[in-house]
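# Structural overview for review
Residues per chain, in single letters:
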Amino acid sequence: MEKRMYFEARNLHKYYPGVHALNNVTIVADKGEVLGIIGINGAGKSTFMNALAGEICIDKGTYYIDGKETIIRNQNDSGKCRIALIHQEAVVFKDMTVAENIFIYNLNKYTKAGRIQYKRLFEDASKYLSMIGADIDPKEIVKNITIGEKQMIEIARALVRDAEIVLFDEPTSSLSLDEKENLFRIIGELKQKNKIVMYITHFIDEIMRICDRTVVMRDGCVTGEFLNEDVTTKELVTGIAGQEVETIVNATDKRDKEIVLKVENLNCYPVVRNVNFAVKKGEILGLWGLLGSGRTEIVRNILALDKPDSGIVYKRNNKGILEKISGHKLLEECAYVTEDRHLDGLFMQMPIWKNISMANLKKFEHFIMDEQKERDYALQMINEMQIKASDENVLVETLSGRNQQKVVMARSIGKNPDIFFIDEPTRGVDINAKSFIHKKIVELAECGCAIVMISSELEENLNLCDRVLIVRNGEIVAEVAKKDISKQKLMDLCQGIREEVKYE
Amino acid sequence: MNREVKIKNMKLAALNNAVYIFGILIIAVFSVMSPYFFTVTNATSILRASTLMLSIGIGMTFALIVGELDLSVGANCRFSASVCALLMVNYKWNPYLCMIMMPILGGLVGLVNGILVTRVKLNAWLVTLSMKLALVGIVVKLTNTVAINMPQEVLQFRNFKIFGLSSFIVFILVVMLIMQFVLKYTTFGRKIVAVGSNPNAASKLGLSVKNYKLAAFTISGIFAGLGGMLICINLGSVTRELGDGYEFTAVAAIVLGGVSLAGGEGSVFPKAFIGVLILTMIENGLTMIGADIYVFQIAKALIIFVMMYIDSKKNKI
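No experiment lies behind these values; they were computed from the predicted model shown.

### A look at the UniProt feature "transmembrane region" (unreviewed entry) in chain B
All names here are of chain B. Summarizing the sequence annotation, UniProt attributes the feature "transmembrane region" (unreviewed entry) to residues 12-33, 45-66, 96-116, 122-142, 162-183, 214-236, 248-269 and 289-310 in the numbering used throughout. Taken end to end, residues 96-116 has its terminal C-alpha atoms 31 Å apart, with 100% of it in helix and 0% in strand. Taken end to end, residues 162-183 has its terminal C-alpha atoms 26 Å apart, with 77% of it in helix and 14% in strand.

Shown next as structure tokens:
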């Protein structure tokens, strides 16, 4: 008999209505190993993680942990198997202290005569926090700390429970660079401590950097397994996508076009300070800055979703004259794709067709709503955007991330806007869909739509933008033209390492 | 694989239509237990008894769909009916005018609720709850809890029949269909649903979340007042029990029918209508078989529990 690994999941199956989310998945891992699991959205990697964490129950299959057959039906079972999941969005209680959050499963051990012994709690909390090198005050209330620090709480919590298997579900998606580095260091330490780390992501560079072995998933199946020493990035990309992926680059020159949107002296203290810029027809303008630099707030203030202290916005009207426009009016006329499709992008419990037509109901109204026309239009968009859904009646919540993002895009494109604000066009979206969305954005620009894009991904700014404005502390500190855009320059500028000529 | 998926889909279909299956079951059980249950006369009396709850339910559906709860509907119904009835009887105002004033007065109360919630930004539960207390207080002060009897002009609507049904029953059924039409086939209705489904996303599309919520509260108020009008025609008097506890009965009924408490999902017809009908049918059936009056409450509660359980099952599958 072959040697048993510490953790084995054999022939897992999970069915959702219409989807075979896990199809005969077998994944094994041994102690002291960092296993990467990579795949596009909807490949089944999150389903696998959630099954291990006990958040969902698999329909068929067996787990062996330490050679013993084990059943995981709920979070308690998972905890008993010493599995801990570090969520993409940290699960924390935001009105409690850091220490209480860390020991949330073990608070009774710190209780004497019905009272929590806070002194001992705080001491132990700082012990665990220093173990992972996190510099957080255990007495701090969680709502006051950063996203990266919240993640540290979850990791500390896993240590407290003495977890042998630590699962990371796309942990870097909202971390800053420093926080990311810190996380990688901690993962290295976990490995030293002989734990199993399973790391889900769709970033290949992260996989190449920290993992020993990589499992590639596609359409609910495991399609490949590589030792990281003998695999190249290109092989992985092809394995993940099932085909070669093209990089979309926006190459046309738009210097001579007329201005369609001009923002003057926009202020919303302290997050937006004295912002001035203009966008030309058919131009893709990037707003680049770190998380929390005020880039999203600039757009929100232009559209009057926040109340600006001052500022005038001009938009080019039908006659070709720049005209003052109110934020509400602009919001009605332009398209705005927000960064978080779950929070304020989609109507999750509604079918695709209602989501797509929602942005321009007037177009389908002939005294009453013309439902057939809406459905036909939705089908056409589903086709055009290559949304994977059996028909237009599918509820948006059942779609995978990339298809949801495409629905958001389809809705906005259907509005035929002449100005398009996009915040994080490809967050949480795999490489195939990313390339597709990039293509659509470039197409839109070629049709004359002015695009203001916010993206945390350097590549996206590099490949798509005609111009990039650097945002720091709510101010536009520099402007970089297409020919000058480089990775290093953008990084330096947004962190204030390099000073550029002030934007005029 | 296919077999398992099929079973799941079948279960889902059964759960989705649970309320209809349940309705048929109730009809069957009561029909067996009482020979008078499954008759045209009884069907008419069930419809007649359901008009008040139906009217309040229609308004409440709009409030729930937009994601808010209106706890003042019962008191609002009594308030609108009482004030207008007093004007009609004690101050000899034109009875027809007073009847039309009932929904208008209800709508005004709803509008105040809406303004307090959306503009002054107070919590909807507390606003409507204190509104309820205030309205009941005003009514008690004005009427001294004495019942007010309606003049002949009002009662004539009861005797005026269309297709063998009293005109006010036909009236509320038609209004119900119109409101469903508004909800489903107008941009206004679609936007109300959107606001309830995800207010954040709706605001990013340029919809004024505040105004649609305000509209929903107003509609809720109008239909509370309309319920008062219907009960005046139906019973011929405004009593001190009118509308008492109706905010919760109506919510229970329409949620039973499948209107979501979380907002964004529901319809006036068939969902709210079926819910109201089932609850009325249960009361009627229990009366028919001569059940203890106290059993009513327990039975109602049990049925609501069961339906909610089925609903939670639906989400888990």
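### Observations regarding the packing of helix α4 (residues 73-89) of chain B against helix α6 (residues 124-143) of chain B
All names here are of chain B. Their axes nearest at 9 Å, the elements α4 and α6 cross at an angle of 30°. Classified by the interaxial angle, the pair formed by α4 and α6 is roughly parallel. For the pair α4 and α6, the crossing hand works out as left-handed. Counted together, Gly74, Ala75, Asn76, Arg78, Phe79, Ser82, Val83 and Leu86 of α4 and Lys132, Leu135, Val136, Ile138, Val139, Leu142 and Thr143 of α6 form the full contact between these two elements.

### A few points about the interface of chain B and chain A
Taken together, the 21 residues of chain B in the interface contact 25 residues of chain A. For the side of chain B that touches chain A, the elements supplying multiple residues, two or more each, are α1 (2-16), α9 (187-197) and α10 (199-204) of chain B.

### Some words on unusual backbone geometry
Where the residue is not glycine, phi is negative for most of them; where a peptide bond is considered, it is trans in most cases. A cis amide bond, omega 0°, links tyrosine 269 of chain A with the succeeding residue proline 270 of chain A. Take proline 270 of chain A: it is sitting in the loop between β13 (259-268) and β14 (272-280). That bond from phenylalanine 269 of chain B to proline 270 of chain B is cis: its omega, 10°, falls within 30 degrees of zero. Relative to the helices and strands, proline 270 of chain B is located in helix α13 (residues 268-288). In the Ramachandran plot, arginine 82 of chain A falls in the positive-phi region, its phi being about 60° despite a non-glycine side chain. With respect to the secondary-structure elements, arginine 82 of chain A resides in the loop between α2 (75-80) and β6 (83-86).

### Some details on the domain arrangement of chain A
All names here are of chain A. If you check the domain split of chain A, you get domain 1 (7-241), domain 2 (245-334 + 417-504) and domain 3 (346-415). The C-alpha-based centres of domain 2 and domain 3 are spaced at 26 Å. Contact with domain 2, which involves ten residues of that partner, is made by nine residues of domain 3. Examining the composition of the side of domain 2 that touches domain 3, we find that five residues originate from one element, helix α15 (residues 431-446), more than from any other.

### Some details on the pairing of strand β24 (residues 475-481) of chain A
Residues and elements named next belong to chain A. As judged from the six bridges shared by strand β23 (residues 467-472) and β24, these two strands associate in the antiparallel manner. If you follow arginine 472 over to β24, its bridge partner there is glutamate 475. Turn length for the β23-β24 hairpin, with the two strands adjacent in sequence and antiparallel, is two residues, and the turn residue asparagine 473 shows positive phi of about 50°.

### Describing the sheet that holds strand β10 (residues 196-201) of chain A
In a beta sheet, neighbouring strands are held together by backbone hydrogen bonds and run either parallel or antiparallel to one another. Residues and elements named next belong to chain A. Spatially, β6-β9-β10-β3-β11-β12 is the arrangement adopted by the six strands of the open sheet, whose pairing is mixed. A single partner strand is all that each edge strand has here, and the edge strands are β6 and β12 (221-227). The sheet shows a mean angle of 20° between the axes of neighbouring strands, taken without regard to direction. Pairing between strand β11 (residues 213-218) and β12: six bridges, direction antiparallel. Looking at the pairing, methionine 217 lines up with valine 222 of β12. Packed on one face of the sheet, helix α1 (residues 45-52) meets β3 (34-39), β6, β9 (165-169), β10 and β11 and runs near 145° to β9. In the packing of helix α6 (residues 177-192) onto the sheet, the strands contacted are β3, β9 and β10, and the crossing angle to β10 comes to about 150°.

### So, helix α9 (residues 295-302) of chain A
Counted residue by residue, α9 of chain A has eight buried out of eight residues, so it is predominantly covered. Alanine 304 of chain A lies just past α9 of chain A and shows a positive phi near 60°.

### Let's talk about the sheet that holds β14 of chain A
Residue and element names in this part refer to chain A. Spatially, the four strands line up as an open sheet ordered β14-β13-β16-β17, and their pairing is antiparallel. Both outer strands of the open sheet, β14 and β17 (322-324), are each paired with one neighbouring strand and no more. Going across the sheet, the axis of each strand differs from the next one's by a mean of 15°, ignoring polarity. For β13 and strand β16 (residues 310-316), the ladder comprises five bridges, and the chain directions are antiparallel. Counted as the bridge partner of lysine 262 is tyrosine 314 from β16.

Parameters at a glance
In this numbering scheme, every chain counts its residues from 1 along its sequence in written order. Written order decides the labels, with chains lettered from A and ligands numbered from 1. Only residues with pLDDT of at least 70 are given local features in this predicted model, and only at 80 or more are side-chain atom pairs given and counted; all residues enter the totals for whole chains, interfaces and linings. UniProt positions are given in the numbering used here, feature names are shortened, and annotations may be inferred rather than shown by experiment. Helix and strand labels come from DSSP, where a helix needs a run of H or I of at least four residues and a strand needs a run of E of at least two; each type is numbered from the N terminus. Working convention: axes come from line fits to C-alpha atoms, limited for helices to the stretch in contact. Angles between N-to-C directions cover 0 to 180 degrees. Each angle receives one of four descriptions, namely roughly parallel if under 35 degrees, roughly antiparallel if over 145, roughly perpendicular if within 65 to 115, and oblique otherwise. By convention, the crossing between two helices is left-handed when the near helix turns anticlockwise from the far helix through less than a right angle, and right-handed when the turn is clockwise. Any pair of residues counts as being in contact when their C-beta atoms, constructed from backbone geometry, are within 7 Å of one another. Boundary definitions for the domains trace back to an automatic or database domain assignment. Two strands form a pair only when DSSP identifies at least two bridges running between them. To sort residues by exposure, count the other C-beta atoms lying within 10 Å of each residue's C-beta; 20 or more gives buried, 12 or fewer gives exposed, and values between give partly exposed, all with C-beta atoms placed from the backbone.

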